[in-house]
Number of protein chains: 2
Amino acid sequence: MIVVQEQDHVAQPAREAIELPAVLHALSDPVRLRIVAALAATEEQPACGAFDLPVTKSTCTHHFKVLREAGVISQRQRGTARLNSLRRADLDARFPGLLDSVLRAA
Amino acid sequence: MIVVQEQDHVAQPAREAIELPAVLHALSDPVRLRIVAALAATEEQPACGAFDLPVTKSTCTHHFKVLREAGVISQRQRGTARLNSLRRADLDARFPGLLDSVLRAA
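Quick look at the structure, then. Here the structure is a predicted model, which is why all the values come from computation and not from measurement. (Residues numbered from 1 in each chain as written. Chains lettered and ligands numbered in written order. Predicted model: local features only at pLDDT ≥ 70, side-chain atom pairs only at ≥ 80, totals over all residues. Heavy atoms only, no water.)

Examining the overall build of chain A
Right, so step 1: Secondary structure assignment for chain A yields five helices and four strands.
Right, so step 2: Put simply, chain A runs from its N terminus to its C terminus through helices and strands in the order β-β-α-α-α-β-β-α-α.
Right, so step 3: Relative to the compact-globule value of 13 Å for 106 residues, chain A shows a C-alpha radius of gyration of 13 Å, a close match.
Right, so step 4: For the C-alpha atoms alone, the extent of chain A along its principal axes is close to 35 × 30 × 25 Å.
Right, so step 5: Long-range pairs, those at least 24 residues apart, make up 62% of the contacts in chain A between residues at least 6 apart in sequence.
Right, so step 6: Counting only carbon and sulfur atoms, one obtains 52% of the accessible surface of chain A, whose full area is about 5400 Å².
Right, so step 7: Side-chain charges in chain A split into 13 positive and 12 negative, and the spacing between the mean points of these groups amounts to 4 Å. (Helix = DSSP H or I, 4+ residues; strand = E, 2+ residues; numbered from the N terminus. Rg over C-alpha atoms; globule rule 2.2 N^0.38 Å. Contact = heavy atoms within 4.5 Å. Areas by Shrake-Rupley, 256 points an atom, 1.4 Å probe, with all protein chains shown as cover. Lys, Arg positive; Asp, Glu negative; His and termini not counted. Charge placed at Lys NZ, Arg CZ, Asp CG, Glu CD.)

Focus on the relation of the copies chain A and chain B
Right, so step 1: The transform that puts chain A on chain B rotates by 180° and translates by 0.0 Å along the axis, for an RMSD of 0.0 Å. These values place the two chain copies in the arrangement generated by a two-fold rotation axis.
Right, so step 2: Taken as a fraction of all interface residues of chain A, those also at the interface in chain B reach 100%, which identifies the copy contact as same-surface. (Least-squares fit on C-alpha atoms with pLDDT ≥ 70 in both.)

Here's the deal with the pairing of strand S3 (residues 73–78) of chain B
Residues and elements named next belong to chain B.
Right, so step 1: As defined by bridge partners, S3 adjoins strand S4 (residues 81–86) across six bridges and the pair is classed as antiparallel. Looking at the pairing, Gln-77 lines up with Arg-82 of S4.
Right, so step 2: Connecting S3 to the next strand, S4, in antiparallel fashion are two residues, including Gly-79 with a positive phi near 65°. (Pairing = 2+ DSSP bridges.)

Digging into the interface of chain A and chain B
Right, so step 1: Each side of the interface is counted separately: chain A has 17 residues, and chain B has 17 residues.
Right, so step 2: Buried area between chain A and chain B, summed over both chains or domains, comes out near 1300 Å², and the portion from carbon and sulfur atoms is 76%.
Right, so step 3: At the boundary of chain A with chain B, the tally comes to zero salt bridges.
Right, so step 4: Taken together, chain A and chain B are joined by two residue pairs in polar contact (both at pLDDT 80 or more).
Right, so step 5: For the side of chain A that touches chain B, the secondary structure elements donating two or more residues are helix H1 (20–27), helix H2 (30–40) and helix H5 (98–105) of chain A. (Buried area = accessible area lost by both parts, 1.4 Å probe. Salt bridge = Lys/Arg side-chain N within 4 Å of Asp/Glu carboxyl O. Polar contact = N/O pair within 3.5 Å; in protein donor to acceptor, adjacent residues only side chain to side chain.)

Structure representation (structure tokens):
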């Protein structure tokens, strides 16, 4: 996997290394779909703790890791917090229409 | 899971019981993506053996089962063969644009 480190970004695949099966797998979990829908609905970069999710903190951390490693979200380190954002431009460039159709259906 | 039995159809979820996470999971495997792309490209209902896939017969059978149980494909029993078809109308009705965006990207 090609990995890019930018400033304070946690390691993530470059745009061209984002693979469809990994993205679909990352989106195939109801909790991760809720995270993605919440990120799509905000201009902010909420930390993991800002999400109201029915799972433990370690499970939550795992879900964000799966999303980041698949290329669905970016995480920036700010002190002890990780700020999350959707990689909408990268996903739209790689898989036109996919994210929108998933968000409409979620 | 709501299950419908029609004529010689192998059990599958009704349209309204098709769930997004299960569909995304079914599509999150490269071999299953190849199967779906092949079914999308034909008017026929090919049997499992007609697909040129780099997996054993039992793995192949497993992949078709995952696709059927998620509501992505239908299977009809014809003697000892199972004929496969994509549930395009059901998927398009439940998740508009999703299948097309996946097929474009696959």
